[in-house]
Each structure stands twice: as structure tokens, then as C-alpha cells.
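Structure assessment
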Amino acid sequence: MKIAADRDTCIGAGLCVGTSDTVFDQDDDGIVVVLVEEPDGADADKAREAVSLCPSGALRIIE
Ligand code: SF4
């Protein structure tokens, strides 16, 4: 699986980083930065959870 993040849609809510700070980070403006584009194992599970929690729909999973 691969994570795609639309930085124009992200509203900087930070739920992704709160769910997995190994896969996601936020830049100085609070906008999402994907640290691990193709997570596996526990990181993949956390990444899926983060995608489901993101309030703006900025995150997408590509299988
Ligand atoms: S949870 Fe969504 S809106 Fe919030 S920082 Fe992450 S990608 Fe952006």
C-alpha cells in the first residue's frame, strides 16, 4: 500500500501525526508531510487508521 497526501486539501488538524508520527509529520504551517510513503506492518495499520480519521479527506490509500 502507498499513502497519497493532497497538501492543498489538508487543513492541518494533525490527527494523522497523532495516530502515527513515524508515517506522518507536519511542516511549519501544519500541513501534512508523508515520511513513509509505503508503510508496512504496524505502520501500515496505523496509516490506514489515520486515513480514516483525517477530517479533510486529504489522505488516500493506493493499493
Ligand atoms: S489529519 Fe488530514 S487534515 Fe489533519 S494534518 Fe493530517 S492530512 Fe492534514
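Here's what I pulled together on the structure shown here. The shown structure was predicted, so the numbers you read here are calculated from the model rather than taken from an experiment.

Calculation notes
Counting restarts for each chain, with residues numbered from 1 along the sequence as it is written. The model is predicted, so local features are restricted to residues of pLDDT at least 70 and side-chain atom pairs to those at 80 or more, both for listing and for counting; the totals for chains, interfaces and linings are taken over all residues. Put simply, DSSP marks the helices as runs of H or I at least four residues long and the strands as runs of E at least two long, and each gets a number from the N terminus on. As a reference, a globule follows 2.2 Å times the number of residues to the power 0.38, and the radius of gyration itself is taken over C-alpha atoms. Residue burial is a threshold on neighbouring C-beta atoms within 10 Å of the residue's own C-beta, all placed from the backbone, with 20 or more meaning buried, 12 or fewer meaning exposed, and counts in between meaning partly exposed. C-beta atoms are placed from the backbone for every residue, and two residues are taken to be in contact when these atoms lie within 7 Å. Among buried residues, those of type Ala, Val, Leu, Ile, Met, Phe, Trp, Tyr and Cys that are joined through C-beta atoms within 7 Å form a set called a nonpolar core.

This brings us to the overall build of the chain. Broken down by element type, the chain carries 2 helices and 4 strands. Along the chain, from the amino end to the carboxyl end, the secondary structure elements read β-α-β-β-α-β. For 63 residues, the compact-globule estimate of 2.2 N^0.38 gives 11 Å, and the chain sits close to it at 10 Å. In terms of its C-alpha atoms, the chain occupies a principal-axis envelope of roughly 30 × 20 × 15 Å. The buried share among the 63 residues of the chain stands at 21%. In the chain, 56% of the contacts between residues at least 6 apart in sequence involve partners at least 24 apart.

To continue, consider the nonpolar core. In terms of nonpolar packing, the biggest core is built from 11 residues, these being I3, C10, C16, V23, F24, V32, A47, A50, C54, A58 and L59. Residue contacts for C54: discarding those within four places in its chain leaves L15, C16 and L59.

Okay, the environment of V34 next. With respect to the element layout, V34 can be found in strand β3 (residues 32-34). Through-space distance from the C-alpha of V34 to that of S56 is 16 Å; in sequence the pair is 22 residues apart. With residues near it in sequence (within four places) discarded, V34 still touches I3, A5, V23 and F24.

In short, shape yes, function no, at least from these values alone.
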